[in-house]
Amino acid sequence: MPLVTSQALFARAMKDRFAIGAFNANNMEQIQAIVETAQEERAPVILQVSQGAIRYCGLSMAAGMVKIAASLVDVPVVLHLDHGTDFEQNVRCLREGFTSLMFDGSKLSFDDNVAVTSQVTTIAHACGIPVEAELGKVLQAKDNVTAAEVKAAMTDPDEAKKFLELTRADSLAVAVGSVHAMEAQAAELDLQRIAEIRDTTGAPLVLHGSSGVTDASLVGAIENGVVKINVATFLNQGFVAGIKQGVAESPDNVDPRKWLTIGRDMVKERVREKIRLFKSNGRIDSAGGFVSAATQHRSSDLGALE
Ligand SMILES: [Zn+2]
């Protein structure tokens, strides 16, 4: 089906307390793995394009591949810009048909973050496209950050409320204890802060840096108001592990598809694991809409009989 925007997905996720996986992809195989698994799991899904992915394959190529992948399935797919750098890049993404934007002004002063985020929401909302903004800083693992630095960079609930009122952003990426590109799954989130931000703002909350967070903490985040969880490092690790396995098994092979297929299958299993952890599986009916509460109940009863 054609790409969809995220407003209705987030409203449903807030109501029913699940989260939508926002998976990063850099190439055709990763896009296929994400979209095909979402279809198999009957889950809505967000496919997001990072700055690295834009540098690697170009904005038009990334957008084109995701649109085609979405057209081949009957579950909702959102095409999202991850960590948009400026106003101009967001405009280019609108022209390419992105159905969700992001401006990350977390490195700017509060006032400058408000100013640019507001420019982006004005133009995006004119086209019916929602915008994710970021307040507080989700730090990078490569900078060897300390626990004290992570805590000092966390999002303040009252500031978040003011920020959303001023910018009219549709969702907010919050800094609540996770760190980007962590390789070990060891971080615990500040669940009370997540609940406070949800209660103060009423906005859909987004978690970045999930690959380094424990499963229990991710489940707690969903229960307290997170409806979009970004997953990048965990999928890249799986893709590379698959290729390495292929090279080890058949070092003389010259057909790249043989190795890339193993990588793609590894990504599929990791996407499946996250979709189930986020409880977004089994949400979408055969017409591409949300299953009704009654149907959901019935199908889970049927599941228990099998
Ligand atoms: Zn991020």
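Before going into details, it helps to say that this report is about the structure given with it. (Residues numbered from 1 in each chain as written. Predicted model: local features only at pLDDT ≥ 70, side-chain atom pairs only at ≥ 80, totals over all residues.)

### What about the sheet that holds strand β2 (residues 45-49)?
- Within the open sheet, the 8 strands sit side by side as β3-β2-β1-β8-β7-β6-β5-β4. Their pairing is parallel. At either end of the open sheet lies a strand with only one pairing partner, and these are β3 (77-81) and β4 (101-103). Neighbour to neighbour, the strand axes of the sheet diverge by 30° on average, direction disregarded.
- Each of β5 (131-135) and β6 (171-174) touches helix α8 (residues 157-167); the most contacted strand, β5, lies at about 145° to it. (Pairing = 2+ DSSP bridges. Helix = DSSP H or I, 4+ residues; strand = E, 2+ residues; numbered from the N terminus. Axes fitted to C-alpha atoms, helices over the stretch in contact; angles between N-to-C directions. Contact = placed C-beta atoms within 7 Å.)

### Considerations on the pairing of β5
- Counted residue by residue, β5 has 5 buried out of 5 residues, so it is predominantly covered.
- Burial along β5 is two-sided: the residues Val131, Ala133 and Leu135 and Glu132 and Glu134 are all buried.
- Pairing analysis gives 3 bridges linking β4 to β5, with the strands arranged parallel. Bridge pairing links Met102 to Glu132 in β5.
- The parallel pair β4 and β5 is bridged by helix α6 (residues 110-126), and the resulting crossover is right-handed. (Buried ≥ 20, exposed ≤ 12 C-beta atoms within 10 Å, placed from the backbone. Right-handed = clockwise from strand over helix to strand, strands pointing away.)

### A closer look at the packing of helix α2 (residues 28-41) against helix α12 (residues 256-277)
- Two elements in contact, α2 and α12, have axes separated by 8 Å at closest approach and are oriented at 40°. Taken together, the axes of α2 and α12 lie oblique to each other. Where α2 crosses over α12, the handedness of that crossing is right-handed. Every residue of α12 that contacts α2 at Glu29, Gln30, Gln32, Ala33, Ile34, Glu36, Thr37, Ala38 and Glu41 is listed here: Leu260, Gly263, Arg264, Val267, Lys268, Val271, Arg272 and Ile275.
- For the contact of α2 with α12, a count of residues per class yields 7 nonpolar, 4 polar and 6 charged. (Parallel < 35°, antiparallel > 145°, perpendicular 65-115°, else oblique. Left-handed = near helix turned anticlockwise from the far one by under 90°. Nonpolar A, V, L, I, M, F, W, Y, C, P; charged D, E, K, R; others polar.)

### What about unusual backbone geometry?
- Phi at Arg17 takes a positive value of approximately 55°, unusual for a residue other than glycine.
- Position of Arg17 among the secondary structure elements: in the loop between α1 (7-16) and β1 (20-24).
- On the basis of neighbour count, Arg17 is assigned to the partly exposed category, with 13 C-beta atoms found within 10 Å.

Treat this as a map of the structure, not an account of what it does.
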